Amino acid sequence: MIIFLYGQDSFRSRLKLNELKDKYLREVDKLGSGLKVINGAKASFADIAAAVSPSSLLSKKRLIIIEDIFINKDKLIFEKLSEYFKNKESDDNIIIIWESNIKIKKFKSTSAPLLVDGSGQEKPLLKKPAELFKFLSAQKYAYNFNLLSNTESANWVKQQAALRGGKISARAAELLVGLVGSDGWQINNELAKLLSYKMASRLTPGGAEIEIEDVKNLVRGNFSE
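Residues numbered from 1 in each chain as written. Predicted model: local features only at pLDDT ≥ 70, side-chain atom pairs only at ≥ 80, totals over all residues. Heavy atoms only, no water.

Asks: For the sheet that holds strand β5 (residues 102-107), give the residues involved together with the corresponding values.
Replies: Spatial ordering of the open sheet is given by β5-β6-β7, a layout of three strands whose pairing is antiparallel. Of all the strands in the sheet, just β5 and β7 (122-124) have a single pairing partner and so form its edges. With strand direction ignored, the average angle separating the axes of adjacent strands in the sheet is 50°. Examined bridge by bridge, β5 and strand β6 (residues 110-116) share six bridges and lie antiparallel to one another. (Pairing = 2+ DSSP bridges. Helix = DSSP H or I, 4+ residues; strand = E, 2+ residues; numbered from the N terminus. Axes fitted to C-alpha atoms, helices over the stretch in contact; angles between N-to-C directions.)

Asks: Tell me about the sheet that holds strand β2 (residues 35-39), and name the residues and values.
Replies: An order of β2-β3-β4-β1-β8 is seen for the five strands of this open sheet, with the pairing classed as parallel. Bordering the open sheet on either side are β2 and β8 (141-144), each of which pairs with just one other strand. Taking the axes of each pair of neighbouring strands and ignoring which way they run, one obtains an average angle of 10° across the sheet. Strands in contact with helix α4 (residues 127-137) are β1 (2-6), β4 (94-99) and β8; relative to β1, the strand with the most contacts, it is inclined by about 115°. (Contact = heavy atoms within 4.5 Å.)

Asks: Give a description of the packing of aromatic side chains that names residues and reports values.
Replies: Inspection of the entire model under this criterion finds ten aromatic pairs. Ring plane angle 20° and centroid distance 4.6 Å describe the contact between Phe4 and Tyr6, whose orientation is recorded as stacked. The class of Phe4 is buried, set by a relative accessible area of 0%. Residue classification places Tyr6 among the buried positions, given a relative accessible area of 9%. For the pair Phe4 and Phe133, a centre-to-centre distance of 5.8 Å together with 75° between the ring planes defines the contact as edge-to-face. In this pair, Phe4 is assigned in strand β1 and Phe133 in helix α4, connecting sequence segments 129 residues apart. Judged on exposure class, the residue Phe4 and its partner Phe133 are both buried. Grouping aromatic residues by their ring pairs yields a cluster made of Phe4, Tyr6, Phe70, Phe78 and Phe133. Above the ring of Trp98, the side-chain terminus of Arg14 is found at 4.0 Å from the ring centroid. (Phe/Tyr/Trp six-rings, centres within 6.5 Å; stacked < 30°, edge-to-face > 60°. Buried < 20%, exposed > 50% of the residue type's maximum accessible area, 1.4 Å probe, protein only. Lys NZ or Arg CZ within 6 Å of the ring centre and 35° of its normal.)

Asks: Quick one: what's the story with the pattern of salt bridges, residue by residue and with numbers?
Replies: Per the counting criterion, the structure on display carries ten salt bridges. Lys193 serves as the salt-bridge partner of Glu190, at 2.9 Å between the closest nitrogen and oxygen. Taken together, the residues Glu190 and Lys193, both in helix α7 (residues 184-201) and three residues apart, mark about one turn of the helix. With a relative accessible area of 11%, Glu190 lands in the buried category. The shortest N-O distance in the salt bridge between Glu213 and Lys216 comes to 3.7 Å. Here Lys216 and Glu213 lie together in helix α8 (residues 212-218), a separation of three residues that amounts to about one turn. Overlapping salt bridges bring together Lys103, Lys105 and Glu122 as one network. (Salt bridge = Lys/Arg side-chain N within 4 Å of Asp/Glu carboxyl O.)

Asks: Any chance you could break down the pairing of β4 for me, citing the residues and the numbers?
Replies: Along any regular strand the residues' side chains alternate between the sheet's two faces. With six of its six residues buried, β4 lies for the most part within the structure. Neither face of β4 is exposed, since Ile94, Ile96 and Trp98 on one face and Ile95, Ile97 and Glu99 on the opposite face are all buried. Of the pairings in the sheet, the one linking β1 to β4 comprises five bridges and is parallel in character. Note that in β4 the partner of Ile3 across the bridge is Ile96. Sheet analysis places strand β3 (residues 63-67) next to β4, joined by five bridges and oriented parallel. Bridge pairing in β4 links Glu67 to Trp98. At this point the chain moves from β3, through helix α3 (residues 77-87), to the parallel β4, and the crossover so formed is right-handed. (Right-handed = clockwise from strand over helix to strand, strands pointing away.)

The following block contains the structure:
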C-alpha cells in the first residue's frame, strides 16, 4: 500500500502522518521494529529499494516513511522510483511518501503541481518528477494538504479547540487567522497559548471559551506597524 501526503500545509499533513504512524505502532508493531523513516532529499534509489523490499521476520507488516523525495538532487531517482513502484508486487508493507515542497496551483481550468524551493520560489516539475507525482497522486490513499482559505482555517481552528477540550468563538477564530495567516504551525502555537491561558484563568469547572478580546490581548500579528 502506498499513501501519499503532500501540499504546502505541512502542519496538517504532519498531523496526518503522525496519526498513521501512531496507529501502526498501536495496532501492528508496538516495539517499532518495522518502522523506518528515510530522508528522501538525500537518499539513493538503492536505500529506498532496500527499505521497501519484502517484509523481514521482525514484523509481518512494516511501515516505511519517505520524506521530501521531490527535492532530491539525483535526476535519475524519479524515473527509477516510478518504474519500481509501478512494477512492485503488492505486499503487506505500508509506504508513506510525505512531501512538503509541492503545491497545487490552478491555471484557469487546469491544476498543476509546482515545486517550492527554500526561498519560496515556485517551479514546474520536470518531466520525470512530474511522472512520479502523477503516479503517486493517482493512488487510492493520496491526500492533498494545500493551504486553507481564511474561512476554512477558522473552521479548522474551532475543530482543533474542541478536540483539545476547549472552545473558541467564531469571531475569535476569524481574528486569529486574520492576524497570523494560514501558517498551521503558528496557528497551532497561538491556539495552544490561548487554551492554556483560558484553562489557567477559569474560576469554575468546564471549558472556558476563547473570546475575541483574548485574541486581541495575547496574539501578535504577522505584520509591523
